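One-letter residues, chain by chain:
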Amino acid sequence: AEILKNDLPDNKMLVLIAALKKELIAQRLKSLEDAGLRPSIIDIDSLALINAFNFNYPKVDVPENKSICLLNIGATISNVNILNNDAPRLSRDIHSGGANLTKKLMDIFGIDFKAAEELKINPDKERADKVKASVESVLTNLAAELRTSFDYYESQNTFNVVKIFLSGGTSKIPGLKEMLAGFLGIEVETWDPFKQIKIAEEIDTQKLNKFSSQFNVAVGLAL
């Protein structure tokens, strides 16, 4: 538990409480131990994501009393975090991600997983329209879940969400950012987890930048 604000009226305070099932932790510990690694700290991906964002973007240009959303679209889960004044106010996992789109493309075009993964990131001209339609169908469901989360948050607070900061491997899909913004009527932009981090000279920065959207949680864990 963490106290976020302790100066609220009526002697109240705002507290962040995080909990995980022991089985989930045990599964991850076993994977690491089987690989010969011994973890010293366990953190939650949503908090790691927030830490990485706040470190790299300490001053976000958002009107006062407005909130932002960090949306990390992974393979099977999209992590939603609503922040107000840098502090987490709502966190939720939506069971939808890039794998849903990959599966749809496999079914439509009769191709294997590897080919579908390549197609969704680099669609050729002949199949671009069908790929776009598939992206839209998956995003429609995700956008509906996001809108439900935003509506709930806004009903409980005087703040409303005015901007989404996007990350995760799926965020690289061409047109996804623009489609999501259109569905929700909210500005959407991607963010760089290495913006304030000095990269060693021997690192291939061009290759790193290509995959940077997949490192947002990892950078938060490292911090």
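*Asks:* Help me understand the environment of Glu 118 in this model?
*Replies:* Note on placement: Glu 118 falls in helix α4 (residues 113–121). On the accessibility criterion, Glu 118 (46% relative accessible area) is partly exposed. Considered as a pair, Glu 118 and His 95 are 23 residues apart in the sequence and their alpha carbons are 22 Å apart. A polar contact is formed between the side chain of Glu 118 and the side chain of Asn 122, at a distance of 2.8 Å.

*Asks:* I tried to follow the pairing of strand β3 (residues 66–73) on my own but got confused; where do I start?
*Replies:* Looking down a regular strand, the side chains alternate between one sheet face and the other. With 7 of 8 residues buried, β3 lies mostly within the body of the structure. Of the pairings in the sheet, the one linking β3 to strand β6 (residues 160–167) comprises 7 bridges and is parallel in character. Opposite Leu 70, over in β6, you have Phe 165 as the bridge partner. Note: β3 against strand β4 (residues 78–84), 6 bridges, orientation antiparallel. Bridging across to β4, Ile 73 finds its partner in Ser 78.

*Asks:* Could you clarify how one ought to interpret the packing of helix α5 (residues 128–156) against helix α6 (residues 176–184) in this entry?
*Replies:* Helix packing for two helices is described by the angle between their axes and how far apart those axes are. Viewed as axis vectors pointing N to C, α5 and α6 meet at an angle of 45 degrees, and their least axial separation amounts to 9 Å. By the angle between their axes, α5 is oblique relative to α6. As for how α5 packs across α6, the hand of that crossing is right-handed. Facing Lys 132, Val 135, Glu 136, Leu 139, Thr 140, Ala 143, Leu 146, Arg 147 and Phe 150 of α5, the residues of α6 in contact are Leu 176, Met 179, Leu 180, Phe 183 and Leu 184. Residue composition of the contact of α5 with α6, by class: 10 nonpolar, 1 polar and 3 charged.

*Asks:* Where do I start with the packing of aromatic side chains in this structure?
*Replies:* Aromatic rings in a pair are described by how distant their centres are and how their planes are angled relative to each other. A full pass over the atoms with the stated rule returns 6 aromatic pairs. Between the aromatic rings of Phe 53 and Trp 191, the centroid separation amounts to 5.2 Å while the plane-to-plane angle is 90 degrees, which identifies the pairing as edge-to-face. Highlighted residues: Phe 53 in helix α2 (residues 45–56) and Trp 191 in the loop between β7 (187–190) and α7 (205–210), separated in sequence by 138 residues. The pair formed by Phe 53 and Trp 191 is uniform in burial state, with each residue classed as buried.

*Asks:* How should α4 be read in this particular structure?
*Replies:* Along an α-helix, residues three or four positions apart point the same way, because every turn accommodates 3.6 residues. By the burial criterion, the buried members of α4 are Ala 116, Leu 119 and Lys 120. With its buried residues spanning 95 degrees around the axis, α4 presents them on a single face.

*Asks:* Can you help me understand empty space enclosed by the protein in this one?
*Replies:* One simple way to see leftover space: roll a probe sized like a water molecule over the atoms. Applying the stated rule across the entire model yields 1 cavity of 30 Å³ or more. Taken together, Ile 73, Ser 96, Gly 97, Gly 98, Leu 101, Val 135, Val 138, Leu 139, Leu 142, Thr 170, Ile 173 and Leu 176 form the lining of the largest cavity. Considered class by class, the residues forming the lining of the largest cavity number 8 nonpolar, 4 polar and no charged.

*Asks:* How do you make sense of the side chain of Asn 54 when you look at a structure like this?
*Replies:* On the secondary structure map, Asn 54 appears in helix α2. Dropping the residues within four chain positions of it, Asn 54 is found in contact with Leu 83 and Asp 86.

*Asks:* Would you take a moment to explain the sheet that holds β7 for this structure?
*Replies:* Hydrogen bonds between backbone atoms are what pair the strands of a sheet, whose relative direction is either parallel or antiparallel. A sheet is described by the order of its strands in space; here 5 strands give the open sequence β5-β4-β3-β6-β7, paired in mixed fashion. Each edge of the open sheet carries a strand with a single partner, namely β5 (87–94) and β7. Adjacent strand axes in the sheet meet at a mean angle of 20 degrees when their direction is disregarded. α2 rests against β3, β4, β5 and β6 of the sheet, and its axis sits at about 50 degrees to β4. Against the sheet, α5 makes contact with β3, β4, β5 and β6, and its axis sits at roughly 145 degrees relative to β5, the strand it touches most.

Reading guide: rules and limits
Residues numbered from 1 in each chain as written. Predicted model: local features only at pLDDT ≥ 70, side-chain atom pairs only at ≥ 80, totals over all residues. Heavy atoms only, no water. Helix = DSSP H or I, 4+ residues; strand = E, 2+ residues; numbered from the N terminus. Buried < 20%, exposed > 50% of the residue type's maximum accessible area, 1.4 Å probe, protein only. Polar contact = N/O pair within 3.5 Å; in protein donor to acceptor, adjacent residues only side chain to side chain. Pairing = 2+ DSSP bridges. Axes fitted to C-alpha atoms, helices over the stretch in contact; angles between N-to-C directions. Parallel < 35°, antiparallel > 145°, perpendicular 65-115°, else oblique. Left-handed = near helix turned anticlockwise from the far one by under 90°. Contact = heavy atoms within 4.5 Å. Nonpolar A, V, L, I, M, F, W, Y, C, P; charged D, E, K, R; others polar. Phe/Tyr/Trp six-rings, centres within 6.5 Å; stacked < 30°, edge-to-face > 60°. Arc of directions from axis to C-beta. 1 Å grid on protein atoms, 1.4 Å probe; cavity = no way out; pocket = protein on both sides within 12 Å on 5 of 7 lines; lining within 4 Å. Points joined across faces, edges and corners; volume = space filled by probe spheres on them.

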